[in-house]
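# Structure assessment
Residue-level listing of the chains:
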Amino acid sequence: MTMSKYAPAYLVTLAATVIACGLAVFAFNAAVDPLWYFGGNKVGNVNYAFNERLSKTNLFLSRQGEYDCVIFGDSRVTLLPEQKIKGYRCFNFAFSAGKAEEALAYARYLGSTGFSPRLVIMGVPGAAFRERIGGTDIPEFVREGQAPKSPYLAYLSLDALFMSWQTLFGASPLDRIYDETFTCRVAPGSPDYDPAVPIRDIFAGRFTGTQRVSFYDDMREIFPNAELVGYVPPISAWAIKAYADRGWLKDYIEAIHLASTKFDRFKDYGVPSAMTTNVGNTYDGTHYSEESNSLIASNLLLQEDDGSLNLKKLDVREMTSIYAARLKRYEPVLKEALKN
């Protein structure tokens, strides 16, 4: 009888404790906001990228109507500062290992919300045209055109609690971080680039997957009123030389040039240049410094000579000739760095 007498009070206390704990977990997660539902971290000045595919969707939807430009690409493109694209209000939707097929899925998703940009920028690395590339990772809510999981469910989980704790007291899960304005930056403590160490996946396959250029036609169909601008993110000149030495540079050049025909404007920042022969501009040969990306963003829509190639004004033969001349020009620099 004693047990039954106190059972209601016990259950009420237990329920109140569970609710209080749940509210505390939610409040903590909402304040740190590791999945960017509520505008990011209110406790500190850094936002980690635990799931860029979800987080960037949450951020975009929370600011719906603010943008007339979108940027797609992989992790290299995340470092392109959106606010430097003059004359537009751009949202950088690039994410780790992003592929053109994934960009199309997100473009359709954004279009279903009524988004109709004036400008679409796409990073087009040579790696997009390898013989074989990894699979896609498109969230179910994007495929089905549904809203992301509610924050009121997501932030009651222990997974989110771990992300919040790591944001405040741990290291970034990536070699990049986002500041309080969601500008992507190189994470502190990134290594110095050593050109003697081959960049990751440098010889993962030849550049013969040119059938994938059709994805860029699809992007134009999704956003028919937008100007379509493409660019090749910078890549270490030592990598370009390695492609040349292996006999792969011809395929690389032809794939990139073919892709350029699908865009209204297209610049190649991967050609050997002062930027890509300076080891201080990158920590791994493919992800370039904030200063380098600021220069790219500022000049991408301009005609000025900034060391890149305007592929809308060059044919394959001319492009090949320039690559050969640049490799010859920078040969002393390339050799000297390998001695150190």
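Structure's up top.
Everything numeric in this text was worked out from a predicted model, so none of it was measured. (Residues numbered from 1 in each chain as written. Predicted model: local features only at pLDDT ≥ 70, side-chain atom pairs only at ≥ 80, totals over all residues. Heavy atoms only, no water.)

## Some thoughts on the sheet that holds strand β7 (residues 227–232)
- The strand order β3-β2-β4-β7-β8-β9 describes an open sheet built from six strands, whose pairing is mixed. Of all the strands in the sheet, the pair left with one neighbour each is β3 (90–92) and β9 (309–310).
- Of the strand pairs in this sheet, strand β8 (residues 265–268) and β9 are connected by two bridges, and their pairing is antiparallel. By the bridge assignment for β9, Asp 268 is matched with Leu 309.
- Contacts from helix α4 (residues 100–112) reach β2 (69–72) and β4 (119–123) within the one sheet, and its direction differs from that of β2 by about 155 degrees. (Pairing = 2+ DSSP bridges. Helix = DSSP H or I, 4+ residues; strand = E, 2+ residues; numbered from the N terminus. Contact = heavy atoms within 4.5 Å. Axes fitted to C-alpha atoms, helices over the stretch in contact; angles between N-to-C directions.)

## Comments concerning the pairing of strand β5 (residues 176–179)
- Residues Arg 176 and Tyr 178 point to one face of β5 and Ile 177 and Asp 179 to the other, with burial holding for every one of them.
- Direction of pairing for strand β1 (residues 46–47) relative to β5: antiparallel, over a ladder of two bridges. Residue Asn 47 lies in a different strand from β5, and its bridge partner there is Tyr 178.
- Note: β5 against strand β6 (residues 184–186), three bridges, orientation antiparallel. (Buried < 20%, exposed > 50% of the residue type's maximum accessible area, 1.4 Å probe, protein only.)

## What about the sheet that holds β6?
- One open sheet accounts for three strands, arranged β1-β5-β6; its pairing is antiparallel. If you trace the sheet from one side to the other, it starts and ends with β1 and β6, each paired once.

## Brief notes about the packing of aromatic side chains
- Throughout the structure, instances matching the rule amount to 31 aromatic pairs.
- Between Tyr 67 and Phe 91, the aromatic rings sit 5.1 Å apart at their centres with planes inclined by 70 degrees, giving edge-to-face as the arrangement. Of the two residues, Tyr 67 is situated in the loop between α2 (52–62) and β2 and Phe 91 in strand β3; the sequence distance between them amounts to 24 residues.
- Classification of Phe 91 as buried rests on a relative accessible area of 2%.
- Here the guanidinium or amino end of Arg 246 rests over the ring plane of Phe 203, the centre of that ring lying 4.1 Å away. (Phe/Tyr/Trp six-rings, centres within 6.5 Å; stacked < 30°, edge-to-face > 60°. Lys NZ or Arg CZ within 6 Å of the ring centre and 35° of its normal.)

## Considering the environment of Arg 76
- Here Arg 76 lies in helix α3 (residues 75–78).
- A relative accessible area of 17% means that Arg 76 is categorised as buried.
- Arg 76 sits ten residues away from Lys 86 along the chain, and the two C-alpha atoms are 20 Å apart.
- Apart from the residues within four sequence positions on either side, Arg 76 is in contact with Pro 125, Ala 127, Pro 233, Thr 286, His 287 and Asn 293.
- Looking at Arg 76, its side chain comes within polar contact range of the side chain of Asp 74, at 2.6 Å. (Polar contact = N/O pair within 3.5 Å; in protein donor to acceptor, adjacent residues only side chain to side chain.)

## A few points about the nonpolar core
- Ranked by internal contacts, the top residues of the largest apolar core, which has 77 residues, are Phe 72, Met 219 and Tyr 252.
- Residue contributions to this core peak at eight residues, all from α4.
- When residues no more than four places from it in sequence are discounted, the contact partners of Phe 72 are Val 77, Phe 93, Ala 94, Ala 103, Tyr 106, Ala 107, Leu 110, Val 120, Ile 121, Met 122, Gly 123 and Met 219. (Core = buried A, V, L, I, M, F, W, Y, C linked by side-chain atoms within 4.5 Å.)

## Describing helix α10 (residues 249–260)
- With twelve residues, α10 should reach 16 Å at 1.5 Å per residue; the first-to-last C-alpha distance of 17 Å fits that figure.
- Counted residue by residue, α10 has nine buried out of twelve residues, so it is predominantly covered.
- Residues of α10 that are buried in the fold lie against α8 (214–222), β7, α9 (237–246), β8 and α12 (316–329). (Expected span 1.5 Å × (residues − 1).)

## Observations regarding the pattern of salt bridges
- Scanning all chains against the criterion turns up 18 salt bridges.
- A salt bridge links Arg 118 to Asp 68; the nearest nitrogen and oxygen atoms lie 2.8 Å apart. Of this pair, Arg 118 sits in the loop between α4 and β4 while Asp 68 is found in the loop between α2 and β2, placing the two residues 50 residues apart along the sequence.
- Judged by relative accessible area, which is 42%, Arg 118 ranks as partly exposed.
- For Arg 185, the salt bridge is made with Asp 179, and the minimal N-O distance between the two is 3.0 Å.
- With a relative accessible area of 10%, Asp 179 lands in the buried category.
- If you follow the salt bridges from partner to partner, you end up with Glu 52, Asp 175 and Arg 176 in one network. (Salt bridge = Lys/Arg side-chain N within 4 Å of Asp/Glu carboxyl O.)

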